[in-house]
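Read off the chains here:
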Amino acid sequence: MKLLWLDLNSSYAHSSLALPALHAQIAEDTMIEWCMVSATINENIGNIVQQIYHCQPDIIAATNWLFNHEQLLHIVSRAKSLLPNSSVILGGPEFLGDNEDFLRRNKFVSGVFRGEGEEVFPIWLKVWNQPVKEWSSIPGLCYLDQSEKYQDNGIARVIHFSELVPPEKSRFFNWSKPFVQLETTRGCFNTCAFCVSGGEKPVRTIPIEAIRERLNVIHQHNIKNVRVLDRTFNYNSKRAKALLDLFREYPDICFHLEIHPALLTEELKEELATLPKGLLHLEAGIQSLREPVLEQSRRIGKLNDALAGLKYLCS
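Reading the values: rules and limits
- Think of each chain on its own: its residues are numbered from 1, step by step along the sequence as written.
- This being a predicted model, a pLDDT of at least 70 is required before a residue's local features are given, and a value of 80 or more before pairs of side-chain atoms are given or counted; all residues contribute to the totals for chains, interfaces and linings.
- Hydrogens are left out, water is left out, and the side-chain values use all remaining heavy atoms of the structure.
- Each Phe, Tyr or Trp ring (for Trp, its six-membered ring) is paired with any other whose centre lies within 6.5 Å, and the angle between the two planes then decides the class: stacked below 30 degrees, edge-to-face above 60, tilted in between.
- The cut-offs for exposure are 20% and 50% of the maximum accessible area for each residue type, with area from a 1.4 Å probe on protein chains only; residues under the lower value are buried, those over the upper are exposed, and the others partly exposed.
- Geometrically, a charge over a ring is one whose NZ (Lys) or CZ (Arg) sits within 6 Å of the ring centre while staying within 35 degrees of the ring normal.
- Secondary structure counts use DSSP, requiring at least four H or I residues in a row for a helix and at least two E residues in a row for a strand, with both numbered from the N terminus.
- The reported arc concerns the directions from the helix axis to the C-beta atoms and nothing else.
- Contact definition: two residues touch when any of their heavy atoms are within 4.5 Å.
- The term polar contact refers here to a pair of N or O atoms within 3.5 Å; inside protein, the definition further demands a hydrogen-donor-capable atom paired with an acceptor-capable atom, and it admits residues adjacent in sequence only when both atoms are side-chain atoms.
- Strand pairing requires that DSSP identify at least two bridges connecting the strands.
- Look down the strands so they point away from you; if the path from the first strand over the helix to the second goes clockwise, the crossover is right-handed.
- Only the stretch in contact is used when fitting a helix axis, every axis being a line fitted to C-alpha atoms; angles between N-to-C directions are given from 0 to 180 degrees.
- Angle categories are assigned with fixed cut-offs, so that under 35 degrees is roughly parallel, over 145 is roughly antiparallel, 65 to 115 is roughly perpendicular, and the rest are oblique.
- Crossings are sorted by hand: turned counterclockwise from the far helix by less than a right angle, the near helix makes the crossing left-handed, and turned clockwise it makes it right-handed.
- Throughout, the ten residues Ala, Val, Leu, Ile, Met, Phe, Trp, Tyr, Cys and Pro are labelled nonpolar, Asp, Glu, Lys and Arg are labelled charged, and all others, Gly among them, are labelled polar.
- Residues belong to one nonpolar core when they are buried, are Ala, Val, Leu, Ile, Met, Phe, Trp, Tyr or Cys, and are joined through side-chain atoms within 4.5 Å.

Enquirer: Would you mind showing me how to read the packing of aromatic side chains here?
Expert: Working definition: an aromatic ring pair is given by the centre-to-centre distance plus the angle between the planes. Per the counting criterion, the structure on display carries eleven aromatic pairs. Between the aromatic rings of Phe 247 and Phe 255, the centroid separation amounts to 4.0 Å while the plane-to-plane angle is 10°, which identifies the pairing as stacked. The two residues Phe 247 and Phe 255 agree in class, both being buried. Pairwise contacts between aromatic rings join Phe 113, Phe 121, Trp 124, Trp 135 and Tyr 143 into one cluster. In this structure, Lys 269 packs its charged tip against the face of Tyr 312, placed 5.2 Å from the ring centre.

Enquirer: Looking at this structure, I do not really get helix 2 (residues 45-55). What am I missing?
Expert: Along an α-helix, a turn takes 3.6 residues, which lines up residues three or four apart on a common side. All of the buried residues along helix 2 are Ile 45, Ile 48, Val 49, Ile 52 and Cys 55. All buried residues of helix 2 project into a common sector of 120° when viewed along the axis, lining one side. For helix 2, exposure combined with an orientation more than 90 degrees from the buried face picks out Gln 50 and His 54. Where helix 2 is buried, its residues touch strand 1 (2-9), strand 2 (33-40), strand 3 (59-63) and helix 3 (69-82). The residue sitting at the N-terminus of helix 2 and contributing the capping side-chain oxygen is Asn 44; that oxygen lies 2.9 Å from the backbone nitrogen of Gly 46.

Enquirer: Hey, could you run me through the pairing of strand 2 in this one?
Expert: Where strand 1 meets strand 2, eight bridges bridge the pair, whose relative direction is parallel. Bridging across to strand 2, Trp 5 finds its partner in Met 36. Note that the unit made of strand 1, helix 1 (residues 18-26) and strand 2 has a crossover that is right-handed.

Enquirer: Can you help me understand helix 1 in this one?
Expert: Of all the nine residues making up helix 1, eight are buried; the element is thus mostly covered by neighbouring parts of the structure. Among the residues of helix 1, those classed as buried are Ala 18, Leu 19, Pro 20, Ala 21, Leu 22, His 23, Ala 24 and Ile 26. Contact partners of the buried residues in helix 1: strand 1, strand 2, strand 3 and helix 5 (121-126).

Enquirer: What's the story with the packing of helix 2 against helix 3 in this structure? I'm lost.
Expert: Working note: a packed helix pair is described by the angle between its axes plus the distance between those axes. Between helix 2 and helix 3, whose axes approach to 9 Å, the crossing angle comes to 45°. Taken together, the axis directions place helix 2 and helix 3 in an arrangement best described as oblique. Handedness of the crossing formed by helix 2 with helix 3: right-handed. Of the residues in helix 3, those in contact with Ile 45, Gly 46, Ile 48, Val 49, Ile 52 and Tyr 53 of helix 2 are His 74, Ile 75, Arg 78, Ala 79 and Leu 82. Its residues assigned to classes, the contact of helix 2 with helix 3 comprises eight nonpolar, two polar and one charged.

Enquirer: Quick question: what am I supposed to make of the nonpolar core here?
Expert: Looking at soluble globular proteins, one finds that nonpolar side chains tend to be buried together. Ranked by internal contacts, the top residues of the largest apolar core, which has 31 residues, are Leu 6, Ile 52 and Leu 90. Secondary structure elements with two or more residues in this core: strand 1, strand 2, helix 2, strand 3, helix 3, strand 4 (87-91), helix 4 (100-105) and strand 6 (141-144).

Coordinates in, geometry out; function isn't part of it.
Pasting the structure below:
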């Protein structure tokens with residue numbers, strides 16, 4: 001069975017973690033032949049389709065984001081026309097809601113995954129050509145059955161997050177980009193109504209020692225910029241301090257973090273103040289300067305605390 005992954009990014013500098021994250025879990029499965037077509041949303045669609053057709057895949061898989069949605073559908077619909085026996089499977093943030101209308105409008109898509117794929121995508125690959133018997137039991141999978149009835153299997157959540165094989169171990173992990181991405185937690189403690197991450201509970205973590213092993217690999221590849229993908233780096237001050245202590249061990253790497261200025265404890269402030277220059281690049285979230293808006297959107301953290309924390313960070 002040949003699987004083609006369409007890696008469609010916003011620019012050359014970006015590289016999605018989806019492919020290496022999924023591939024790492026089943027890299028040793030010799031029954032699957034993996035190939036990839038990597039492109040940006042600004043490239044010629046016909047050229048991308050030609051590359052897909054040249055591979056002659058049984059399965060075409062891709063992640064659907066807001067920024068690549070339109071181009072992705074143009075590409076896979078054309079590819080499906082040229083490869084009518086192939087199966088198109090999609091995932092990503094665009095499918096976190098109800099997917100019936102999408103599937104009815106885009107009949108060339110065999111199914112879409114809602115949620116996290118590392119544990120469920122390998123299950124689907126074993127039964128990808130048996131939709132009648134096997135698809136109904138796969139968490140997160142949404143599809144139209146043979147009678148055109150919409151089947152919705154809820155949302156997939158990775159249960160054993162800390163036990164996943166790191167994406168850096170996949171041969172598809174891209175070491176050539178200006179930065180790499182590192183996920184040390186998954187989920188979000190916050191409850192913001194405007195953000196899809198607000199429903200990702202509970203927050204799951206990777207042990208500090210396991211993160212050190214991954215950073216050692218990253219450092220060996222001479223990477224100078226790491227973007228930490230944690231939704232809120234300092235949701236837990238004790239863990240945040242432990243991570244900052246770990247980052248000190250790599251003074252030639254700059255770590256990009258998303259930090260919540262309203263949740264800066266005195267202990268964390270002291271830790272930040274002692275870090276070497278250039279170690280961190282901080283992104284601080286001030287979602288609104290109106291308290292009623294923050295309350296309506298259910299964002300945790302008081303406005304006055306956020307502004308005080310921002311002032312401290314700027315100092």
